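Residue-level structural notes
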Amino acid sequence: MTLDLRVFTEPQQGASYDDLLAVAKATEDLGFSAFFRSDHYLTMGGDGLPGPTDAWTTLAGLARDTSTVRLGTLVTSATFRHPGVLAIQVAQVDQMSGGRVEIGLGAGWFAREHEAYGIPFPARRFGLLEEQLEILTGLWGTPVGESFSFDGEHYTLVDSPALPKPAQAKIPVIVGGGGPKRTPALAARFGDEYNQAFPELDTVGPRIGVINEALAEAGRTPDSIVQSVALVLAVGKDEAEFARRAAAIGREPAELREHGVAGTVSEAVDLLGSLRDQGIQRVYLQTLDLHDLDHLDLVAREVATQL
């Protein structure tokens, strides 16, 4: 089985649209299958200059400035946008891209960014997430000419025309999270993909088992969902280059080796092969130094070709 490698960026740490476009074009040119970005409005360390960029505004631009690479979020926060607005935005970006959009949706967790920009941050958010998933999939799945209504605890939609429609017959929905029961059930109900974000490496296989149990309870088979992980990337052609890349993102080499796709080329190949053997089909490579495009070139040329 071929392992699908995707590039995943964290623009809240400091990136302009042009920075992201350069990475997205490299992603496309080097043969990675997708360019993804986080959906955050506040840096998590450092000054964050020149400031945050909006995820779906960015992806709208990239929809026109790229041609083949898939585009999406890990993950859009349910606290940031009303689901009706989000459904319109995502469907429009999908049309603009010719059907290349995917969406990861989560409950949101970073209270400080909400405080900084005046965004409400309720203590209980799982209900928001569940209703948003119902609304997004409901709006997109309603046949043209019919209407969609929803009466929930958090949102009410009355006779929506459920327009516009995405270019794709179904926009892939990515569900993640580490909860023991509710999250797996949500993934089994709505997910086309289940993502483990920065897991301890020895927990990856057992977590796949948990998701497969939830799928079985929902009457779905294991092959009906894509199993993925997101891991930090720091690879060098030799130890010196790896150490330089670790220093550039403010991380210790030993810690990166413990938690990420990190080290020399052979170490990266071995780790990714191990993940594939455990049942992982897709890996999001968290690329933190957006100006080091040689890093992506090395991974495409030396790592991906061995998988």
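See the structure printed just above.
Criteria and thresholds
Residues numbered from 1 in each chain as written. Predicted model: local features only at pLDDT ≥ 70, side-chain atom pairs only at ≥ 80, totals over all residues. Heavy atoms only, no water. Helix = DSSP H or I, 4+ residues; strand = E, 2+ residues; numbered from the N terminus. Rg over C-alpha atoms; globule rule 2.2 N^0.38 Å. Buried < 20%, exposed > 50% of the residue type's maximum accessible area, 1.4 Å probe, protein only. Lys, Arg positive; Asp, Glu negative; His and termini not counted. Charge placed at Lys NZ, Arg CZ, Asp CG, Glu CD. Phe/Tyr/Trp six-rings, centres within 6.5 Å; stacked < 30°, edge-to-face > 60°. Salt bridge = Lys/Arg side-chain N within 4 Å of Asp/Glu carboxyl O. Polar contact = N/O pair within 3.5 Å; in protein donor to acceptor, adjacent residues only side chain to side chain. Contact = heavy atoms within 4.5 Å. Expected span 1.5 Å × (residues − 1). Arc of directions from axis to C-beta.

**Quick word on the overall build of the chain**
If you tally the helices and strands in the chain, you get 11 helices and 11 strands. Against the globule reference of 19 Å for 307 residues, the chain gives a C-alpha radius of gyration of 19 Å, in line with a compact fold. Taking all 307 residues of the chain together, the buried fraction comes to 54%. Across the chain, the mean location of the 25 positive side-chain charges is 2 Å away from that of the 42 negative side-chain charges.

**Observations concerning the packing of aromatic side chains**
All chains considered together, the criterion is met by five aromatic pairs. Taking 4.6 Å as the distance between ring centres and 25° as the angle between the ring planes, the aromatic pair formed by Y41 and F80 counts as stacked. Placement of Y41 in the loop between β2 (34-37) and α2 (55-65) and of F80 in the loop between β3 (70-77) and α3 (83-97) is noted, with a sequence separation of 39 residues between them. A relative accessible area of 17% means that Y41 is categorised as buried. Through pairs of rings, three or more aromatic residues link up here, namely Y41, F80 and Y117.

**A closer look at the pattern of salt bridges**
Per the stated rule, a full pass over the model turns up 20 salt bridges. Put simply, D4 and R6 hold a salt bridge, and the shortest N to O gap is 3.4 Å. Given the relative accessible area of 2%, R6 is considered buried. Each of D4, R6, R70, E102, E193 and R282 takes part in one network of salt bridges that share partners.

**Details of the side chain of S77**
Mapped onto the fold, S77 is located in strand β3. Of note is the side chain of S77, whose polar atom sits 2.6 Å from the side chain of T79. What S77 contacts, discounting residues up to four positions off in sequence, is D39, G106, A107, G108 and H114.

**A few points about helix α7 (residues 204-217)**
Helical geometry: 3.6 residues make up each α-helical turn, so side chains three or four residues apart lie on a common side. Counted at 1.5 Å a residue, the expected span for α7 with its 14 residues is 20 Å, and the 20 Å between its end C-alpha atoms agrees. Looking at α7, one finds that the buried residues are V204, R207, I208, I211, A214 and L215. One face of α7 carries all of its buried residues, which in axial projection span an arc of 120°. Away from the buried face of α7 by more than 90 degrees, exposed residues P206, E213, A216 and E217 are located.

**Thoughts on unusual backbone geometry**
Going from L49 to P50, the amide bond is cis rather than trans, its omega being 10°. If you trace the backbone, P50 turns up in the loop between β2 and α2. V75 follows L74 through a cis peptide bond whose omega is -20°. In this structure, D159 is a non-glycine residue whose phi angle is positive, near 50°. Residue position: D159 is located in strand β6 (residues 156-160). A positive phi angle, near 55°, is found at F198, a position not held by glycine. Its location among the elements puts F198 in the loop between β8 (193-197) and α7.

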